[in-house]
Amino acid sequence: MKTMTFFGLMAGSSLIAGAAMAEGTLNLYNWTDYTSPEMIDKFEAETGIDVVLDTYDSNETLLAKMQAGATGYDIIVPSHNFVPIFISEGLVQKVDATQMENFANVQDRWKNPEWDPDQQYTVPFHWGSASVSYRPDLYGKELTSYGEYFEPSENVKGRIGVFKTPEEIVNLAHLYLGQDFCNENPEEMQKVQDLLVAQKPDVVAYSSEGMNDRLINGDTIITSHWNGYSFKGRKLAEEAGKEITYAYPEEGVIGWSDSLMIPVGAENVENAKIFMNFIMDPKNMGMQSNFAGYGGPIEGQREFMNADLRDAPEINVPEDAKMIFSFACNEKSQKLIDRVWTNVLR
Amino acid sequence: MANLPSNPALRRTLSLAPALGIIGIFMLIPVGIIAVFSFLEAKSFGGVVWSFSTDAYVQLLYERALDDSLILSPGYLIIIWRSFLLAGIAMLCCLVVGFPVAYFISRQPLQHRNMWILLITIPFWTNQLVRTFAWIIILGRNGIIEAPFHWVGILGSDDTLGLMYSNFAIAVGLTYTFIPLMVLPIYASLEKLDFTLVEAAADLYSSKWEAFSKVIIPLSKPGIIAGCLLVFIPSLGAFIQPDLLGGGKNMMLGTLVQFQFSTARNWPFGAAIAMILLAAVVIFLMIYARAARGQQKMELH
Amino acid sequence: MAAIEHSKPKKRRAFGEVPGLGALAIAFMMFLYLPILVLVVYSFNAGNIVMVWTGFSTDWYARAFANEDIRKAAINSLVVATSATAIATTCATLAALALARGGSFKGKGATVGVITLPLMVPEIVTAVAMLVFFSNIGLNFGLGNVILAHVTFCIPFAFMPIRARLDGMDTTLEQASRDLYASDWETFRLVTLPQLMPGVLAGAMLSFVISMDDFIITLMVAGAGDTTLPVYIYSMIRQGITPEINAVSSILLLFSIVLVTAYWFVTRTKPDGKNR
């Protein structure tokens, strides 16, 4: 049954949707494998609104598509560092989450976040962290620093995995080097570049997909990873008699948070707001967490979460671990990041 | 419907209209937009600012160092070279394998030929990503190729041949992906050859090889050219194989353009690379067309 | 002459029959079908990871059938690929005929250039360019947008084999037909088209394959509810590919094999007269 929760599918969802009274539709545009079918069924049954789900693979795809003028979606789910971009580019409209009935359920730490200080545009969704995961059985000890990741010892040489896009990996390098995020200092960025170029010969793949596959079959011993994804990986590895551990290195981990937003030009704004209010209910968000494998921002949702996820080390940041949120970098530092990345991969 | 328009020019125009119309509107205009984009300034978060700039083209050859000084940089040229090289290798592999197969099929009894062609296309009715993933299982660590080595004990339990995440894997992936694009056009041109005539002509030559190279190759040339173009050009812009099988370690043109449009959010630069790629292909085609025309004249004399 | 100069074996091989070609063709088929075999075998994997075999199970098929999203995406894909192939192949055949039989005219080279243009532009550029264009002119036919995009990039793929077939195709039969007072249409339908058929078939096959595989252009151009199978799969691999995708692919494969077998039996019952 566990696996059903993780890879649960849309069995029967259309039957229920078809039976419900037609109260219009909601075009939800969300990350793949990130929308709980049970939660959607419940929403459709309660409201009679028909949900049409489409999926995308990255913030970049979402942004490029919205910039090019795509329409038809009522809810999109960008990450926190993209939220200010969507706002400043005029791609989203105000939702005024504070006026919603269930907004009171949101934990204080997720109210009025840095990326949307007045809570005008966003409703908080899952949050999590990025760090590295490793195979303790192959690595042989506990991973306590990014040192072994960026400057691998003989033991892990040639068996390192890195994300495909630079945002998180450059930030991990900043953490390791003790620098600020969104760095505009060319000399510090040069150090980041040197570090990543030196690491390259030991990298098996720059890919943000299939990290669990590579960890499990031993292609990589240490790889950059997201917490919820790593949680799923740990479960898969257990099936295959292997181990995967999500590390909380002493330098800290990178925090992220996704938000629900309504694009300009959405046709079903009211339905989108009904959905936003719906998801801020502890039971519904708990259901959603069970499927996605990530924690959420709603007070009391824990009691609706499966025990293994609720207590998973991946989603419960240890007391003594640092979690630092990245934010949207300005143009200058973004350009530096892109140049570093091009220089690494050319 | 009994008769088509009798005026040949009118008939020609009408026949060309649908294809030209569709491509003209939905391809030529968008490409024009991209050409314009390549001369504009990048907006910080994707999109363009409407002011003229050649930055995108300057960026190809010169690099701003991290401290903003302009230095000549071979970085992108290396990427372009690598892409041409891999696409060329993929094209050659496809040709070397594809031609004999197309030839073999064209020599089969009539009713078997279409069957063979269908057999060749069937694997490609499954998704490209899934097929590419299957290659990971074949080439990868503890994969199907490595398995016998592990049994025999040549490879230790934690060793690998390192076939995956390499240029070799990219070449295999590209060849596999694009081979039907080589076989089908060659087959289409070989199939129409009248082999009794070919055989008669062949008697004029002293060896089979000579007959082959002087009769069959020239006659199937349109198919070979079509196949080579159909393989080479998409290979240049490919990015699934470099990403999934090559491990994304070295950028290719496809990944570079992709990167500029998505992650780096520099649309003008992405557009400029695309225009250069387009220009390279067009020049290549024009040289070929001129050479082909010259050769035809030679043959007439 | 040649027969005198070279002492040939008694049982003379027909020219063009090269020994070992059959073996090569079979090896080639193995190369083609090995990944497909792997794909099908691993669709019966009981575990959640494609690459680690944990036992036999048909669960993934049950799930694939029950998965409304996958089914919807597969139907979208089939609709798009079938319509795009039909339209693109028709356009390409007409264009190829006009170019091969229409005599020479000014701008012939440019015409070929325009028709093959979609081949030369990297997919991501086409994708962004089309989306910008579609949204600027307010074109919004839902799945129709996707079909239009697919027709556009399928035309050159259909065009190339047809053109290759037409190049140097014997015109004596066509002339004979006209000499016998057949109308142009009859000549086309009864003489040219049957001769051209292998090229048309090859072109249509290519279009279909290309359309079924495309995701980057579709990903961009598709609107709400227009997700096709490749787009679905592409976004799904972010979480690691599960045997479910293999199961879906196997089902599609079975579907196409059934179609092909049916086609084979139909064409076998009325032999020949078709190609020459």
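Residues numbered from 1 in each chain as written. Chains lettered and ligands numbered in written order. Predicted model: local features only at pLDDT ≥ 70, side-chain atom pairs only at ≥ 80, totals over all residues.

**Some thoughts on the interface of chain B and chain A**
By a widespread convention, an interface's size corresponds to the accessible area lost as its parts come together. Taken together, the contact pairs 24 residues of chain B with 30 residues of chain A. Top element by residues in the side of chain B that touches chain A is helix 3 (residues 75–106) of chain B. It accounts for 3 residues. Here the residues of the side of chain B that touches chain A are counted per class, giving 8 nonpolar, 11 polar and 5 charged. (Contact = placed C-beta atoms within 7 Å. Helix = DSSP H or I, 4+ residues; strand = E, 2+ residues; numbered from the N terminus. Nonpolar A, V, L, I, M, F, W, Y, C, P; charged D, E, K, R; others polar.)

**Some remarks on the packing of helix 7 (residues 167–191) of chain B against helix 10 (residues 221–237) of chain B**
Residue and element names in this part refer to chain B. Axis separation between helix 7 and helix 10 bottoms out at 7 Å; the angle between their running directions is 160 degrees. Classified by the angle between their axes, helix 7 and helix 10 sit roughly antiparallel to one another. For helix 7 against helix 10, the interelement crossing comes out right-handed. Across from Leu 174, Phe 178, Leu 181, Met 182, Pro 185, Ile 186, Ala 188, Ser 189 and Leu 190 in helix 7, the residues of helix 10 making contact are Pro 222, Gly 223, Ile 224, Ala 226, Gly 227, Leu 230, Val 231, Pro 234 and Ser 235. Taken together, the residues of the contact of helix 7 with helix 10 break down into 14 nonpolar, 4 polar and no charged. (Axes fitted to C-alpha atoms, helices over the stretch in contact; angles between N-to-C directions. Parallel < 35°, antiparallel > 145°, perpendicular 65-115°, else oblique. Left-handed = near helix turned anticlockwise from the far one by under 90°.)

**A short note on the sheet that holds strand 3 (residues 75–76) of chain A**
All names here are of chain A. Spatially, the 3 strands line up as an open sheet ordered 2-1-3, and their pairing is parallel. Here the strands that pair on one side only, and so sit at the sheet edges, are strand 2 (50–56) and strand 3. Relative to strand 2, strand 1 (residues 25–31) runs parallel, the two being bridged by 7 bridges. Bridged to Tyr 29 within strand 2 is Asp 54. (Pairing = 2+ DSSP bridges.)

**What to know about the pairing of strand 1 of chain A**
Residues and elements named next belong to chain A. Counting buried positions along strand 1 yields 6 of 7 residues, so the element is predominantly enclosed. As for the winding sense of the linkage, the β-α-β connection from strand 1 through helix 3 (residues 37–47) to strand 2 is right-handed. Pairing of strand 1 with strand 3 involves 2 bridges; the strand directions are parallel. Each residue of the ladder has a partner; that of Leu 28, found in strand 3, is Ile 75. (Buried ≥ 20, exposed ≤ 12 C-beta atoms within 10 Å, placed from the backbone. Right-handed = clockwise from strand over helix to strand, strands pointing away.)

**Quick look at the interface of chain B and chain C**
Opposite the 88 residues of chain B that make contact, chain C presents 92 residues. For the side of chain B that touches chain C, the class distribution of residues is 65 nonpolar, 16 polar and 7 charged.

**Considerations on the nonpolar core**
Counting 278 residues, the largest nonpolar core has Val128(C) and Ile155(C) as the members making the most contacts within it. Ranked by residue count, the leading element in this core is helix 7 of chain B, at 16 residues. When sequence neighbours within four positions are dropped, the list of residues in contact with Ile155(C) reads Ala19(B), Ile22(B), Ile23(B), Ala88(C), Cys91(C), Ala92(C), Ile115(C) and Pro118(C). (Core = buried A, V, L, I, M, F, W, Y, C linked by C-beta atoms within 7 Å.)

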